[in-house]
Structure formats: structure tokens, C-alpha cells
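Coordinate analysis (summary)
So the chains spell out like this:
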Amino acid sequence: MNRKIKALCAGLLCLPLCGCSWRDAGDLSAVTAAAIDSKAGTYQLSAELAVPDPDSATPQAQIVTGQADTIVQAIDNTGFGRSAQLYWSHTRVLFLGQNVLRNGIADEVQDLTVSSEVRPSVRVCAVKNATAAGILTDCISIDGDPAGFALGDSLDHAIQQSQVPDIPLYRVLDCIETDGVDAVLPAVSIKEGQAVLTGAALFSGDALCGWLDEQQTTILCALLSAGDSAIVYDDTARYKLTNIHTAVSANTKEQTAFSIQLRADVACESSGQAKRAASTLRAQCTEVIEQLQRNGCDALGFGQAWERADAASWKQAADTDWQSVPVTVHVTLHATQSAEGGSR
């Protein structure tokens, strides 16, 4: 198994060395990933465990389930009857099923955030075209690691490459409770028996309203400045952006209009290539923004920009008025020489 999952249980296995027995520690079993589905008002929670084996450096993987009318009770029921207490503090990712997503996730996110079991920094993913439990039960392991834990590695890498947004649980709650900003979650699907990242899920308020594919999600991450770098593609080249800065503003003097400024360094061979990359990126950003407006997902904070510019007109506007406001995108890319520059 991956050395990370071995390290996950190392601390638990070392408890006897500090004078604590497994019985004293409650015989802890680390939860590496969890999935939440709902059906007919009942939550169905599945937890992927790394079960320590005192006789081996390699923990065993196991799936346990529980259900209840509330998230908190479902968490308790998942560990009911086990000799080992479930340990949620090292959970890497939570998967939310489509029934949960469609019905609105405000209550679930609130309950998970106030739960003493789940840490607020756990990352959250939306499951597309499958049950959340299926990510843990129907997918093959990767290099010996359980599917949920392995996807946590993929998620770490994708976030570092600005391929998906980094949205831990506490930030999802912030988005739901902040007027003018909507959440965007990494999307997960099952392909050929493996759990893979497949773009992003869009939210309007707390309810699922649409999806972005992988390329659109990368563009959105650049607009969100959701990382130190981003990769931009056109018909002939691949460009790496660094030092990304974006700003959203609103002008309400005559007719309300939004403007987005995106500035970044681009690794390429010439200023002419940088201009072509900027033109391509501007068109891609415009396409993604139009899709956000069609779906009613204000992930870029247009509502907040409108309120800053003119609080009075913002209060008079309907919740959907921002969706029809024209948006102008300005992209400025500064060419830098790099071994990771544009490749043909």
C-alpha cells in the first residue's frame, strides 16, 4: 500500500509505546474517506477504514455503513457494534451523492461542520452518474490503496495543478452562507472501474445546478486564482500560467455591467505567442462565464461586486438579475522564458 496510508495508522499503532493499550484508546479505526447518499429522507453513510493490524505494517481496508434520519446519527450508526471506535480526524475526502446534491446541501454541510467527528478542512467532492457509496465499493484499488484514499492523492495533485478547485468543508459552508458567492466542487465519476476526477459541479445557493468538463474547470480555476499556476491549451500549444491575479468589478453608472481582469505570466517563446495565448484564454473565460450565468452559479462573486459598486441597486435587483448582465473579460499575459513553456 501507499506509504501515506501506512503512516496514517502508524500513530495509532504507537499508542502502546506511550503507555496506552488499544483498549485504552478505544481501538481506533481510521476513516480515510466517506460517502453520503440519501433515499426517501434517510441518509446512507459509507466509511472506508484503514484498520490497523498490530502484527503488520500494512493496514487492512474495510467498508462499513450506517443510516439514519440525520447526518450526525448516521455517523454514530456507522460505527455501531464495532469493537473499534471510528477515527474521523484523518478523513481525506467526503463524497456527496446526487440525491443529496439535488435536494440542497446546506443542512448536511452545517451538520458536518458542527460535528465533533469530522474536521472542517476535509475536502468535499460531488459524485456524477453514480452513487457516492459506489466510489468506495465499486472501484478497484490503485497500487494497493483503497479507492477513496487513492482518489485523495489524485485530488491533491489536481489541486496543485489548478485542475480542480480546492473546496474543503468549511469553505463550502462559507459559500452557502455568503450572499453573492456560490460553491463549485470537484466532480467524480466511475470510468472503467476506477474513480476519476471529471471536472466540477456547479451550485446555485446550496443546490446542484450544472456541471463543467475538465477543460472548463481548469479555466474556472484560473479565474478563481485557485492555485499558483494553471495550464491553458489552444489548438496548437500548451501554456503554463503563473502569478495569476484576477479582479471582478461592476459598473452601475448607466447600465450595469461586469468586468473581469486576469493578469498572469505565461511560459512561452515570444510576446506574440503570449498575445495569442491571451486571446485564446479570453475566449475560453467568456465561454465559462456564460455557462455560469446560464446555470445561475455565481462562483466568481458578481453579486458581491455589484453590491460594492451600488448597494442600493443591488438590494432592488432580483436574485437572477446578475445572470443577464454583460461581462467583459480582459486578459493580460506577460511572456517569460521557461523550460516548461509552450509546447507544440
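Notes on the structure in this doc start here. (Residues numbered from 1 in each chain as written. Predicted model: local features only at pLDDT ≥ 70, side-chain atom pairs only at ≥ 80, totals over all residues. Heavy atoms only, no water.)

Okay, the sheet that holds strand S10 (residues 229–233) next. With mixed pairing, four strands are arranged side by side in an open sheet as S10-S11-S12-S13. The strands lining the two open edges of the sheet, one partner per strand, are S10 and strand S13 (327–336). Pairwise comparison of adjacent strand axes, ignoring direction, gives a mean angle of 40° for this sheet. Note: strand S12 (residues 257–267) against S13, 10 bridges, orientation parallel. Pairing of leucine 262 across the sheet is with valine 331, part of S13. The sheet strands contacting helix H9 (residues 271–295) are S10, strand S11 (238–251), S12 and S13, and the helix crosses S13 at an angle near 150°. Taken strand by strand, helix H10 (residues 302–309) contacts S11, S12 and S13, and its axis lies near 40° from that of S11. (Pairing = 2+ DSSP bridges. Helix = DSSP H or I, 4+ residues; strand = E, 2+ residues; numbered from the N terminus. Axes fitted to C-alpha atoms, helices over the stretch in contact; angles between N-to-C directions. Contact = heavy atoms within 4.5 Å.)

Before going further, it helps to examine helix H4 (residues 106–114). For H4, the complete set of buried residues consists of Glu108, Val109 and Leu112. Burial along H4 is one-sided: seen end-on, the buried residues are contained in an arc of 95°. Those residues of H4 that are exposed and aimed more than 90 degrees away from the buried face are Asp107 and Val114. On its buried face, H4 is in contact with strand S1 (28–39), strand S2 (42–51), helix H2 (71–78), strand S5 (93–96), helix H3 (98–103) and helix H7 (169–177). (Buried < 20%, exposed > 50% of the residue type's maximum accessible area, 1.4 Å probe, protein only. Arc of directions from axis to C-beta.)

With 42 residues, the main nonpolar core has Leu241, Leu262, Leu281, Leu300 and Leu333 as its most contacted residues. Ranked by residue count, the leading element in this core is H9, at eight residues. Excluding residues within four positions of it along the chain, leucine 241 makes contact with Asp228, Ser229, Ala230, Val232, Ala264, Asp265, Val266, Leu281 and Leu333. Leu96, Val109, Val122 and Leu208 belong to the second-largest nonpolar core, a separate cluster that totals 37 residues. (Core = buried A, V, L, I, M, F, W, Y, C linked by side-chain atoms within 4.5 Å.)

Turning our attention to the pattern of salt bridges. Enumeration according to the criterion identifies four salt bridges in this entry. A salt bridge links aspartate 156 to arginine 92; its shortest N-O distance comes to 2.7 Å. Taken together, the residues aspartate 156 in helix H6 (residues 147–160) and arginine 92 in the loop between strand S4 (85–87) and S5 connect sequence positions 64 residues apart. On the basis of relative accessibility, which here comes to 15%, the residue arginine 92 falls in the buried class. Arginine 123 is the salt-bridge partner of aspartate 166, the closest N and O atoms lying 3.0 Å from each other. (Salt bridge = Lys/Arg side-chain N within 4 Å of Asp/Glu carboxyl O.)

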